[in-house]
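One-letter residues, chain by chain:
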Amino acid sequence: MKKLVALMMALLMVASMASFAVADEPTKVIFWHSRGSGANYEVTKEAVDTFNATIGVEKNIVVEEVYIGGYGTLQTKTQMAKQSGEQPTVAVTSGVRNAILMDDGLTVDLAPYIAASNWDTSRFFDGIFYTAGNEDGAVYSLPYIRSTPLFFYNKTLADSKGLTEAPRTIAEMEAFCSKLHTVDAATGEVLTYGFEMTNDICYLQGSMLYQLGSSLGGGGEASCLTDGAMKKVLSDWTRWMDEGWCRVPTAEALGTSERLSQGMLGAFVGSCSSLGNLVPACKDNNIELGVAYFPVYDAAAPACSIGGGCIVLLKDNTDAVKQAGWEFMMYLLSDERIAAEAIATGYLPSTKTVVDNADMQAYWAENPGFKLAYDQLAWGTTEESPFWVDLTEYKTNVQNIVGELVTERKITVDEAIQRMLEDNAHIL
Amino acid sequence: MSDLTLNTKPARRLTRKSVANNLFSWALVLPAILFLAVFTFYPLVNLIQLSLYRGNITNPYKTFRGIENYIDILVKRPQFMTTLKNTALYVVMYVPICLSLSLIFSVWLQKARKMNNFAQTCFFAPHLVATISSAFMWSWIFSPESSGIANGLIRLFGFNTHNWLGSSATAMVCVMIMNTWASIGHHALIFLSALKSIPGEVYEAAELDSSSSIKTFFKITLPMLSPQIFLMLITMTTNSFKIFESVRQMTGGGPGISTKTVCMFIYDNAFETNNTLGLAGAASIVLTIILMLITLLDFKGLEKKVHYQ
Amino acid sequence: MQQLQLKRRFVNYLPNLFSDLLKIACVLVFIFPFYWMIITSFKTYGEAIQVPPTLWPKNFTLEAYHNIFSMSISFWQYAQNSIIVTAGVIILQCLIMIPAAYAFAKRQFVGKGIAWAVVISALMIPGTCTYVPIYMVMAKAGLIPSLWPQIIPHGCNVFGIFMLRQAFKQVPDELLESARLDSATEAQIVLRIMLPMAKAALITICLFSFIGTWNSYFWPLVMTNNDKYRPLTMYIERVQDADVGNKWNQVMAANVLLVGPVLLIYLFASQKIIRAFTYNGVK
């Protein structure tokens, strides 16, 4: 009996020691993102699973991805998480909002991590890398899912009307779209609208502001309201709607992509990420999709907005967790991963070096439209710098007034601009 | 006995039994009061604090502003007052229409017949659907293209398609239609249960006096229902003032901000824009004060008209 | 003879005919959005966004449902959360509401007026405003990674206390007196006398609570940070595939799945309620 007990105790001791050796808990990385459904979600999950199966096993890291919501919700939740003490490790933020998190002191300067890992950041386009927070050697965010706006049109319809060349300048676009506009001769009902531009003030109309040498606003200044740029953009846009071939944007069930693929819309400007579903949808409906650069005022001085999001590393975590988070960030921004995501969703690959990636080249050969969005990065500007803590409030106010202007036309452009100045007087 | 005021007897001598009775009664209501204190009153105090500063959720008390936030929203900037006006318009449209329709429906479906039971069940069904689902469905119905059902219908009658949710004149009406659809059954059910408690003899007496059904409705039914009507009026008014989800999902604030309501203003300033948490707090306090005033006015003004059995 | 009886029945029914037809018309109008939701969930994506829309699916398909259940986001996790949260809220509310309503209806005590004023004034405070402070409270208590933030704050159902108190007041005082003379405890009085007589009101309150909790969207949106705790209402945006432009057939299918249980419970409970009301009406 005694021998049996002794044997069992010995076994227990050995077992516990063995379990101590094996039970090295993997470091847990929590990744909060904004890509909740469809291809975007699938590709994010794939990134996480692949990481966990390869580098994760190597370095004993486990990443958990959590969908939180859109950029606004994501920013607020990240801020709230500080209060509840359960901050994520890595989070996605929009270009503007990442500076807000930095200003709140929530994010980590990645420069020491970059130096320690000998990571090459010159791969990134200057335009998207040097946003607010990434000046003077500090790196508070890295570009993740970026996009530029493109001009999409129904090539089948255009060809049938003899419009074989895609427009490059805004003047050309006006001629192009007014011809594309199709009206039923008998009833006067519009069969296909020539053009539509949704009210996305910092992205679409913002691109036009950049082309005029101005910008929506930064650092507490709203130069576009005083130097006439906003007036020109709004006047042009309302004139297009008055001429009849530009559809008035409204909040509703069918989006611009859907309406193009259904033949109700001839052309629109939108994010390159729409490509991901436009191509198959148009194919399903026997429409050839035409893609072109976002039209510019002056072909010699092109400019456009770069939208989308970045990833940041959050401070309120242990050093081990932060290091693990950094490993994951490096993986997410490796060329292979960037190429895979771009191919699956239409978001832009943000590095110069991705052109050497074989998958990317093959994909671009097949879908030249995607390459156009990438080319635009060369003259793209991000809206984020210099940092302005009230930028979101300003944007919302301006967007509301623009909405009133274009949807109802009860006020004139001048009145709209006057109201923008008044409504934002307390923060300008 | 009035439903809303209490009949408290004067205190008697403090016997051990009465103390024990009092303590026991308090023990019964204490959980409710505790929950309310933590989850309803404490947030209010917190909001008052927040409204005196300008900050965001990470740093709620960044810069002290005193009552400047209040002056901002009430006087300096038109946004809050516009949302207040929108909300008031909605309430004034919705409450009379929904209340009268629910009353009519409940009287109409009063008799216990199979058809009435079936109709009652169907009218109540919309209440079961989550607001986000209803909003999806109805924004589809009100779609501005010819594909929308509403437009399809009016085209049958020869009118042009209309941009329902994109025109400030009709956007709020559409939201009101959706909310009426969703809640008529609910209110009718409450009225129905009250109607069932009216003694049958009252109606028999009316019939003996050969009073027409309309006269019966106004002279007998309405007064007997007045406690419930009064209660529903108050709850409907306060609830519709707080309207948020349905508007947000259907119009997102409408063309410009013509359908933005007060609660949307609060939510957007708390969660969507940075550095505006104080404004949300100030707006919340103003809304609470307005609701209190409305309830008090309703009590004072209408309680006299309420007829008790 | 039979023919005469039928004829008489028909003649008796005639005045109701017009009213009944009108009722059917109203019912159709009310039910139409449901019908729309259900048939859209059985269409293909292409047909769902077709213009003009079809009133009956050309190609009846289970594609939307299949997609939902084969997605890597777990439908059952969300559904389970909805069930637990709703059950939890109803139980908690009953535990708090019943004693309070009884005390306000049938017991006299010092400070009753003040307690009642406190309860009523809670009706005036809008819920949207309380999101942020309650989040902070829950966060400090470390409860955010759990289902509790969706249950606890709704513990006190003021409208329920109102209605239940009204129902309790209908119970004649003599019954209580005789029960007390028989030395029944207060708990026994509540359970054996008050509750059975207020059955209709209680079922109605629980039903409304069920519907409200099952369908709540913004509250869990603010209070949850992880799929593990999210309820079914938040599932819809995961099937939306918004980048593709709102997969309507999937969205409607998710909505059908969301409404289904509520509809079933309502059909079951409404029969009880109607019977209870009819019983109460016989005086």
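Rules and cut-offs
- Numbers given to residues run from 1 along each chain, matching the order in which its sequence is written.
- Each chain is given a letter, starting from A, and each ligand a number, starting from 1, according to the order in which they appear as written.
- Selection of residues for local features in this predicted model requires a pLDDT of at least 70, selection of side-chain atom pairs for listing and counting requires 80 or more, and totals for whole chains, interfaces and linings are taken over all residues.
- The side-chain figures draw on all heavy atoms in the structure; neither hydrogens nor water molecules are used.
- Each helix is a run of H or I in the DSSP string that is no shorter than four residues. Each strand is a run of E no shorter than two, and both are numbered from the N terminus.
- Each residue gets one of three labels from its accessible area relative to the maximum for its type: buried under 20%, exposed over 50%, partly exposed in between, using a 1.4 Å probe on protein chains only.
- The criterion used for residue contact is that any of the two residues' heavy atoms lie within 4.5 Å.
- The accessible surface values rely on the Shrake-Rupley method and a 1.4 Å probe; as for residues, cover is taken only from the protein chains in view.
- Counted as positive: Lys and Arg. Counted as negative: Asp and Glu, with His and the chain ends omitted from the count.
- Every charge is mapped to an atom, namely NZ of Lys, CZ of Arg, CG of Asp or CD of Glu.
- Here's the idea: put two parts together, see how much 1.4 Å probe accessible area each one loses, and the total over both is what we call buried area.
- The salt bridge criterion pairs a side-chain nitrogen of Lys or Arg with a carboxyl oxygen of Asp or Glu, the two atoms within 4 Å.
- We call two N or O atoms a polar contact when they sit within 3.5 Å, provided that within protein one can donate a hydrogen and the other can accept it, with sequence-adjacent residues counted only if both atoms are side-chain atoms.
- Side-chain classes follow a simple rule in which Ala, Val, Leu, Ile, Met, Phe, Trp, Tyr, Cys and Pro form the nonpolar group, Asp, Glu, Lys and Arg form the charged group, and the remainder, Gly included, forms the polar group.
- Note that a disulfide, as used here, is simply two cysteine sulfur atoms within 2.5 Å.
- Every residue carries a pLDDT, the predictor's confidence in it, which falls somewhere between 0 and 100.
- Residues enter patches when they are more than 30% accessible in relative terms and free of salt bridges; like-charged ones are connected within 9 Å and nonpolar ones (Val, Leu, Ile, Met, Phe, Trp, Tyr) within 5 Å.
- Boundaries between domains were set according to an automatic or database domain assignment.
- The criterion for strand pairing is that DSSP finds at least two bridges linking the strands in question.
- By convention, a stacked pair of Phe, Tyr or Trp rings (six-membered ring in the case of Trp) has centres within 6.5 Å and planes under 30 degrees apart, an edge-to-face pair has planes over 60 apart, and any other such pair is tilted.
- Working rule: Lys NZ or Arg CZ, within 6 Å of ring centre, within 35 degrees of ring normal, means a charge sits over the ring.
- It is the directions from the helix axis to the C-beta atoms whose arc is reported.
- Angular values range over 0 to 180 degrees, each being the angle between N-to-C directions of two axes fitted as lines to C-alpha atoms, with helices fitted over their stretch in contact.
- Roughly parallel covers angles under 35 degrees, roughly antiparallel covers those over 145, roughly perpendicular covers 65 to 115, and oblique covers all other angles.
- Take the far helix as your reference; a near helix turned counterclockwise from it by less than a right angle gives a left-handed crossing, and one turned clockwise gives a right-handed crossing.
- Expected helix span is computed as 1.5 Å times (number of residues minus one).
- Here the nonpolar core consists of buried residues drawn from Ala, Val, Leu, Ile, Met, Phe, Trp, Tyr and Cys, with membership extended through side-chain atoms lying within 4.5 Å.

## A look at the overall build of chain B
Along the backbone of chain B there are 12 helices and two strands. When the helices and strands of chain B are read in sequence order from the N terminus, they spell out α-β-β-α-α-α-α-α-α-α-α-α-α-α. Among the 309 residues that make up chain B, the fraction classed as buried is 59%. Relative to all contacts within chain B whose residues are 6 or more apart in sequence, the contacts with residues 24 or more apart total 66%. Carbon and sulfur atoms make up 66% of the accessible area of chain B, which amounts to about 13500 Å² in all.

## Section: the overall build of chain A
Within chain A, the regular secondary structure consists of 20 helices and 13 strands. For the C-alpha atoms alone, the extent of chain A along its principal axes is close to 105 × 50 × 35 Å. Within chain A, the proportion of its 428 residues that are buried is 58%. Across chain A, every contact between residues at least 6 apart in sequence was considered, and the portion connecting residues at least 24 apart equals 74%. With 30 positive and 54 negative side-chain charges, chain A shows a spacing of 4 Å between the two charge centroids.

## Observations concerning the interface of chain A and chain C
How big an interface is tends to be reported as the loss of accessible area on association of its parts. If you look at the interface, chain A gives 25 residues, while chain C gives 30 residues. Of the roughly 2300 Å² buried between chain A and chain C on both sides combined, carbon and sulfur atoms contribute 49%. At the surface where chain A touches chain C, the tally comes to zero salt bridges. The interface formed by chain A and chain C includes six residue pairs in polar contact (both at pLDDT 80 or more). For the side of chain A that touches chain C, the secondary structure elements donating two or more residues are helix 2 (38-53), strand 2 (61-67) and helix 4 (71-84) of chain A. Among the elements that make up the side of chain A that touches chain C, the one with the highest residue count is helix 2 of chain A (six residues). Split into classes, the residues belonging to the side of chain A that touches chain C amount to 11 nonpolar, eight polar and six charged.

## Remarks on the interface of chain C and chain B
Every contact between the two is made by 96 residues of chain C and, on the other side, 89 residues of chain B. Summed over both partners, the interface of chain C with chain B buries about 8400 Å², with 77% contributed by carbon and sulfur atoms. Connecting chain C to chain B are zero salt bridges. Summed over the shared surface of chain C and chain B, the number is eight residue pairs in polar contact (both at pLDDT 80 or more). Top contributing element to the side of chain C that touches chain B by residue count: helix 1 (residues 2-41) of chain C, with 17 residues. In terms of residue class, the side of chain C that touches chain B is made up of 69 nonpolar, 19 polar and eight charged.

## A few points about the state of the cysteines
Throughout the structure, instances matching the rule amount to zero disulfides over all chains. The thiol sulfur of A:Cys177 is not disulfide-bonded, and the nearest other cysteine sulfur, from A:Cys246, lies at 8.2 Å. Assessed through its relative accessible area of 0%, A:Cys177 is described here as buried. Just so you know, C:Cys156 is unpaired, no disulfide at all, and the nearest cysteine sulfur is the one on C:Cys94, 12 Å from it. For C:Cys156, a relative accessible area of 12% puts it in the buried group.

## Topic: the confidence of the model for chain B
Interpretation of the predicted coordinates at a detailed level should be avoided for regions scoring low in pLDDT. Residue and element names in this part refer to chain B. Here chain B averages 81 in pLDDT, and 91% of its residues register 70 or above. No element of chain B has a lower mean pLDDT than helix 8 (residues 200-208), which averages 73, and none a higher one than helix 3 (residues 78-108), which averages 90. If you check the scores for this complex, the pTM reads 0.83 and the ipTM reads 0.80.

## Brief notes about unusual backbone geometry
All names here are of chain A. A positive phi angle, close to 60 degrees, is found at Asn60, a residue other than glycine. Structurally, Asn60 is set in the loop between helix 3 (55-59) and strand 2. What makes Asn60 partly exposed here is its relative accessible area of 30%.

## Describing a nonpolar patch on the surface
Judged by side-chain polarity, C:Phe10, C:Tyr13, C:Leu14, C:Leu17, C:Leu21, C:Ile24 and C:Leu28 come together as a nonpolar surface patch covering roughly 640 Å² of accessible area. Within the fold, C:Phe10 resides in helix 1.

## Regarding the domain arrangement of chain A
Residues and elements named next belong to chain A. Each domain of chain A was delimited in the assignment, giving domain 1 (26-146 + 307-382) and domain 2 (149-305 + 385-423). Computed from C-alpha atoms alone, the centre-to-centre distance between domain 1 and domain 2 is 29 Å. Summing both partners gives a buried area of about 2000 Å² for domain 1 against domain 2, and 67% of it is carried by carbon and sulfur. Counting the surface domain 1 buries against domain 2, the share from its top three residues, Leu372, Gln376 and Trp379, is 29%.

## Some points on the pairing of strand 12 (residues 304-313) of chain A
Residues and elements named next belong to chain A. Burial analysis of strand 12 places nine of its 10 residues in the buried class, the great majority of the element. As paired strands, strand 3 (residues 90-94) and strand 12 are joined by five bridges and run antiparallel to one another. Its bridge partner being in strand 12, Val92 is matched across the sheet by Ile311. Bridge count between strand 4 (residues 142-147) and strand 12: five bridges; the pairing is antiparallel. Its bridge partner lying in strand 12, Ile145 is registered against Gly309.

## Here's the deal with the packing of aromatic side chains
This model, assessed by the stated rule, comprises 57 aromatic pairs over all chains. With a centroid separation of 4.8 Å and an interplanar angle of 55 degrees, the aromatic rings of B:Phe123 and C:Phe30 are classed as tilted. In this pair, B:Phe123 sits in helix 4 (residues 114-124) while C:Phe30 sits in helix 1, so the two residues belong to two different chains. Across this residue pair, the class does not change: B:Phe123 and C:Phe30 are buried. Through a chain of ring-to-ring contacts, three or more aromatic side chains come together here, namely B:Phe244, B:Tyr267, B:Phe271, C:Tyr131, C:Tyr217, C:Phe218 and C:Trp219. When the ring centre of C:Trp36 is taken as reference, the NZ or CZ atom of C:Lys43 above it lies at 4.9 Å.

## Quick notes on the side chain of B:Thr235
Residue and element names in this part refer to chain B. When you line up the elements, Thr235 lands in helix 9 (residues 213-241). Given a relative accessible area of 8%, Thr235 falls into the buried group. At a separation of 3.2 Å, a polar atom in the side chain of Thr235 contacts the main-chain carbonyl oxygen of Met232.

## Observations concerning helix 20 (residues 413-423) of chain A
Here helix 20 of chain A has its buried residues at A:Val413, A:Ala416, A:Ile417, A:Met420 and A:Asp423. The buried side chains of helix 20 of chain A occupy one side of the element, clustering within an arc of 130 degrees when seen end-on. Looking at the buried residues of helix 20 of chain A, the elements they touch are helix 11 (223-226), helix 12 (229-243) and helix 19 (391-408) of chain A together with helix 3 of chain B.

## Examining the packing of helix 12 of chain A against helix 19 of chain A
Residues and elements named next belong to chain A. At their nearest, the axes of helix 12 and helix 19 sit 11 Å apart, and the two run at 30 degrees to each other. Judged by the angle between their axes, helix 12 and helix 19 are roughly parallel. Regarding helix 12 and helix 19, the two cross each other, and that crossing is right-handed. Contacts between helix 12 and helix 19 involve Met230, Leu234, Trp237, Thr238 and Met241 on the former and, on the latter, Val398, Val402, Leu405 and Val406.

## As for helix 10 (residues 186-197) of chain C
Helical periodicity: at 3.6 residues per turn, an α-helix aligns residues three or four positions apart in one direction. Spanning 12 residues, helix 10 of chain C covers 16 Å between terminal C-alpha atoms, matching the ideal 16 Å at 1.5 Å per step. Restricting attention to buried positions, one finds in helix 10 of chain C the residues C:Glu186, C:Ile189, C:Val190, C:Ile193, C:Met194 and C:Leu195.

## Structural notes on the pattern of salt bridges
With the rule as written, the count across this model stands at 25 salt bridges over all chains. Where B:Arg54 meets A:Glu393, a salt bridge forms, and the shortest distance between an N and an O atom there is 2.9 Å. You can see B:Arg54 sitting in strand 1 (residues 53-54) and its partner A:Glu393 sitting in helix 19, one on each of two chains.

## Quick notes on the nonpolar core
B:Phe271, C:Ile161, C:Leu164, C:Phe168 and C:Tyr235 are the most contacted members of the largest nonpolar core, which totals 195 residues. The element that contributes the greatest number of residues to this core is helix 4 (residues 75-106) of chain C, accounting for 17 residues. When residues of this core are sorted by domain, at least three fall in each of domain 1 (13-64) and domain 2 (74-239) of chain C. Aside from chain neighbours lying at most four places away, what touches C:Ile161 is B:Ala32, C:Met97, C:Ala100, C:Ala101, C:Phe104, C:Trp116 and C:Cys156. Grouped together as the second largest cluster of nonpolar side chains are 69 residues, A:Phe51, A:Ile68, A:Ala81 and A:Leu377 included.

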